[in-house]
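One-letter residues, chain by chain:
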Amino acid sequence: MSEKDKILKLRKDIERYNYYYYVKNEPLISDTEFDKLLKELESLEEKYPALKDENSPTNKVGSSIENNKFKKVEHKKPMLSLSNTYNTQDILDFHNRVVKIIENNHIEYTIEMKLDGLSITLIYENGELIQALTRGDGVIGEDVTENILQIKSIPKYLKENISCEVRGEVVLPISEFKKLNETRIKNNEEPFANPRNAASGTLRQLDKEIVKSRNLDAYFYFLVDAEKYNITSHFESLKYIEKLGLKTTGIYKKFKISEVEKYINEFDKIRKNLDYETDGLVIKVDNINLHDILGNTTKSPRWAIAYKFPSKQATTKIKDITLQVGRTGVVTPVAELEEVELSGSMIKRASLHNFEEIERKDIKIGDTVFIEKAAEIIPQVVKVVKELRTGEEKSIEIPKNCPVCGSELIKENGLVALKCINDNCSAKLQRKIEYFVSRDAMNIDGLGSKIVEKFIEIGKLKNVDDIYNLHKYKLELISLDKMGEKSIENLLNSIENSKNQKYEKVLYALGIPFVGKFTANILAKYSQNIDNLMKMTKEELLEIENIGEKIADSIVKYFENPENIELINNLKNYGVNFALTTDNNTQNILEGKTFLATGSLKKYKRNEIRDIIENNGGKYLSAVSKNLNYLIAGEKAGSKLKKAEELGITILSEEDFEKLISQNSKTPENNIKNETPKKDEGQKTLF
Ligand code: IVH
């Protein structure tokens, strides 16, 4: 494609995205993706000035104007947009441009929340609201006065009898957004994609009763021609807006550019507790007299810049759909995505849960989709952008056979999941082993998926207990990539140590369906050892608090399977601990105390030190706060150490920590000696 064609295509695409965003309130791509395309167009136009065009979307503010829906009114002063950045370097560049024009280094800025709603301007005459306009295309807005008057926090009369124009953002509080979508889903209406779309769709409703019922809110951040009221500081103008009886977010600070990172971090934390959506921060030159000197570009003022937070949503394409076989045989479809950044991490895959979900969301290979992180961790496909389909997309067929072993998949009674019920399926074995070695189970370090896969492939891991034979295959281990002598030794030690893992953890590691950590703890305490547990009837199990029908049935069924009994016997023969270990010899000397380790420790890995603390009754925290009693600081400890010092928390070196627990404690070595005397030690005492 020639550069000219590229430019023309980008313009056309961007205009289409703008239309869907501003007019239809139904974005086709995420804000981040949109900003990327706009930046690409800007730099191409910069490179080929001959191809510049005043009608390019790089010169215009996205327009929300639909034909004849509302009366059109020209703004007295254009309502501009803001230039966006995603990094602090761009903010420093912005500052340098300001300094160059003003010829003064000592610039003060304000920093405030960037609200994610739709912009509005209110015109008051002698204290009375006479007109409210949307931004429209920035030059001409739409008259939505009637609707604006339905917003409870916007006063019809100001507290002072003045004439002025104030600009701000109409938002739908997150709590109201959730309620609204719940009702819409109940009524079989399409839910709104996010609070911004809901706010925009609501304000541009023709029925003001609907507007009234939705409980919109509004916050203001700009007083037009503030000089008229003898105000020369933006910060002061925000105070004045509040004095007039209009709401600001109340979250704004004056600062110097050297403090910019500090405030970005501070505001990022605050915004998580707000009932309205914010998508970034706005940094503005505080001295209003400088605004005129700095002036505007066609689209945005040179005295302000927006810093955008990493977006919670991203748009990307589904390249393929693969199938993942889980530990219990459940087959989960997974979307393989074109790599995209989401909340600061690169995402390549997203779970699609099950085939009913694929059908409900009408997901096809080749589709553009919105993805989002559920509970901030696992990416999910939220929605397909059907408008971007080309006709080339491929439907996903529901598989009939397990993708790994080929056996027929079944659907268990009443459940949506497809399941592979072949006990010899290698994928199931792989997942079982990964689960068995995980931190909360046997806590075996260094047995990654690749090694497990390889050993299953060469037939050295046929069942979970074969892990305890791995020491026989040092040569095979060495031939694996990245397995040096040291890491093999660590792995084999870790396998050996796992034999002394606590009974409740071993129980959890067996992977009995519905027996998670919590249940495993209860069962371990109650049964004391595996032989007792194996003998228990369903009725006896049901007598235990927190054990219901489903769990009891699952446990009984597990022990009825001779293969499981064989596994347990094999594990016992290898020396795996299947009994509750009493704490008689030791005290919970760290009971009630909280710890955190930071920096690089010489002797312990993080999870080892954490285990020692927990085994001795202490609690391991994830952050420094006033609830922390001890910070164990290794070399190169950074901000955590600083914060702990500021809070007056006791700082321990590794040696201090060892002293603290040295008497009567349960360090890993002591654990071995206390809990399961080694055979040869026992023999020594005979002589
Ligand atoms: S100042 C002339 N401050 O973001 C500059 N805008 O992406 C006027 N916005 O059109 C804008 N929070 O709708 C400003 N604290 C804030 C803001 C804010 C949200 C919106 C506004 C603007 C858009 C630009």
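Look up a bit, the structure's there.
Quick look at the structure, then. (Residues numbered from 1 in each chain as written. Predicted model: local features only at pLDDT ≥ 70, side-chain atom pairs only at ≥ 80, totals over all residues. Heavy atoms only, no water.)

## Observations regarding the overall build of the protein
Helices and strands together make up the secondary structure of the protein, namely 26 helices and 22 strands. Reported as C-alpha extents along the three principal axes, the dimensions of the protein are approximately 100 × 60 × 55 Å. Residues counted as buried form 47% of the 687 residues belonging to the protein. For the protein, long-range pairs separated by at least 24 residues make up 67% of all intrachain contacts whose partners lie at least 6 apart in sequence. Carbon and sulfur atoms provide 48% of the accessible area of the protein, an area that totals close to 36,200 Å². Considering the protein, the positive charge centre built from 106 side chains and the negative charge centre built from 109 side chains are found 1 Å apart. (Helix = DSSP H or I, 4+ residues; strand = E, 2+ residues; numbered from the N terminus. Buried < 20%, exposed > 50% of the residue type's maximum accessible area, 1.4 Å probe, protein only. Contact = heavy atoms within 4.5 Å. Areas by Shrake-Rupley, 256 points an atom, 1.4 Å probe, with all protein chains shown as cover. Lys, Arg positive; Asp, Glu negative; His and termini not counted. Charge placed at Lys NZ, Arg CZ, Asp CG, Glu CD.)

## Quick notes on the pairing of strand β12 (residues 313-325)
On any regular strand, side chains alternate: one points to one face of the sheet, the next to the other face. In this structure, β12 lies alongside strand β13 (residues 330-342), joined through seven bridges in antiparallel fashion. Bridging across to β13, D320 finds its partner in E336. Between β12 and β13, which pair antiparallel one after the other, the connecting turn spans four residues, and G329 there sits at a positive phi close to 95°. (Pairing = 2+ DSSP bridges.)

## Some points on the nonpolar core
Grouped together as the largest cluster of nonpolar side chains are 54 residues, with contacts concentrated most on I467 and L510. Among the elements of the structure, α12 (426-437), α13 (449-457), α15 (485-498), α16 (503-509), α17 (517-527), α18 (530-535), α20 (549-560) and α21 (562-574) are those that each provide at least two residues to this core. If we skip the residues at most four places from it in the chain, I467 touches I433, F436, V437, I444, L447, L461 and I495. With 39 residues, the next largest nonpolar core counts F70, I154, A226 and I288 among its residues. (Core = buried A, V, L, I, M, F, W, Y, C linked by side-chain atoms within 4.5 Å.)

## Quick word on the side chain of N577
With respect to the helices and strands, the residue N577 is situated in the loop between α21 and β19 (594-598). Note on N577: relative accessible area 9%, which makes it buried. Of note is the side chain of N577, whose polar atom sits 2.9 Å from the backbone oxygen of Q501. (Polar contact = N/O pair within 3.5 Å; in protein donor to acceptor, adjacent residues only side chain to side chain.)

## Observations regarding the pattern of salt bridges
Applying the stated criterion across every chain, the model contains 41 salt bridges. When the shortest N-O distance is used, the salt bridge between D362 and R389 registers 3.4 Å. With D362 in the loop between α11 (355-361) and β15 (368-374) and R389 in the loop between β16 (378-384) and β17 (409-411), this pair connects stretches of sequence that are 27 residues apart. With a relative accessible area of 27%, D362 lands in the partly exposed category. (Salt bridge = Lys/Arg side-chain N within 4 Å of Asp/Glu carboxyl O.)

## Regarding the environment of Q313
Take Q313: it is sitting in strand β12. Separated by 67 residues in the primary sequence, Q313 and Q380 place their C-alpha atoms 9.9 Å from one another. Apart from residues lying up to four places away in sequence, Q313 is in contact with S30, T32, L342, F370, I371 and E372.

## Here's the deal with the pairing of strand β8 (residues 217-223)
Counting buried residues in β8 gives five out of seven residues, a clear majority hidden from the surface. Relative to β8, strand β7 (residues 164-171) is paired through six bridges, and the arrangement is antiparallel. Residue R167 lies in a different strand from β8, and its bridge partner there is F222.

## A closer look at the site of the ligand
As a structural note, the neighbourhood of the ligand is formed by 14 residues, with E112, M113, R135, E169 and K284 the closest of them. The contact in question runs from an oxygen atom of the ligand to an N or O atom on the side chain of S119, over 3.1 Å. Taking K284, its side chain carries an N or O atom lying 3.0 Å from a nitrogen atom of the ligand. Here the ligand loses 90% of its free accessible area of 520 Å² to cover by the protein chains. Taken together, the elements giving at least two residues each to the shell around the ligand come down to β3 (109-115) and β10 (278-285). With four residues, the single largest contributor to the shell around the ligand is β3. (Near = heavy atom within 4 Å.)

## Thoughts on the packing of helix α1 (residues 3-23) against helix α2 (residues 31-47)
Helix packing geometry: the angle between the two helix axes and the distance between the axes. Running from N to C, α1 and α2 point in directions that differ by 145°, and their axes come no closer than 10 Å. As for the relative orientation of α1 and α2, their crossing is left-handed in sense. Two secondary-structure elements touch here, α1 through E3, K6, I7, L10, R11, I14, Y17, N18 and Y21 and α2 through D31, F34, L37, L38, E40, L41, L44, E45 and K47. For the contact of α1 with α2, the residue count by class is 10 nonpolar, one polar and seven charged. (Axes fitted to C-alpha atoms, helices over the stretch in contact; angles between N-to-C directions. Left-handed = near helix turned anticlockwise from the far one by under 90°. Nonpolar A, V, L, I, M, F, W, Y, C, P; charged D, E, K, R; others polar.)

## Considering the sheet that holds β10
A sheet is described by the order of its strands in space; here five strands give the open sequence β2-β11-β10-β3-β9, paired in mixed fashion. Each end of this open sheet is capped by a strand with a single partner; those strands are β2 (84-85) and β9 (252-255). Summarising the sheet, β3 and β10 pair through seven bridges and their orientation is antiparallel. When the bridges of β10 are listed, T110 appears paired with K284. The sheet contacts of helix α9 (residues 260-271) involve β3, β9, β10 and β11 (304-308), and relative to β3 the element is tilted by about 30°.

## A look at α1
Note: α-helices contain 3.6 residues per turn, so residues at a spacing of three or four share the same orientation. Taking 1.5 Å as the rise per residue, α1 with 21 residues should run 30 Å; its terminal C-alpha atoms sit 29 Å apart, in good agreement. Among the residues of α1, I7, L10, R11, I14, Y17, N18, Y20, Y21, Y22 and V23 are the ones counted as buried. Close packing links the buried residues of α1 with α2 and α6 (195-203). Just past α1, the residue N25 takes up positive phi, approximately 55°. (Expected span 1.5 Å × (residues − 1).)

## Some points on the packing of α20 against α21
With their axes 5 Å apart at the nearest point, α20 and α21 run at an angle of 75° to one another. By the angle class used here, α20 and α21 are roughly perpendicular. Every residue of α21 that contacts α20 at Y558, F559 and E560 is listed here: P562, N564, I565, L567 and I568. Within the contact of α20 with α21, the residues separate by chemical class into six nonpolar, one polar and one charged. (Parallel < 35°, antiparallel > 145°, perpendicular 65-115°, else oblique.)

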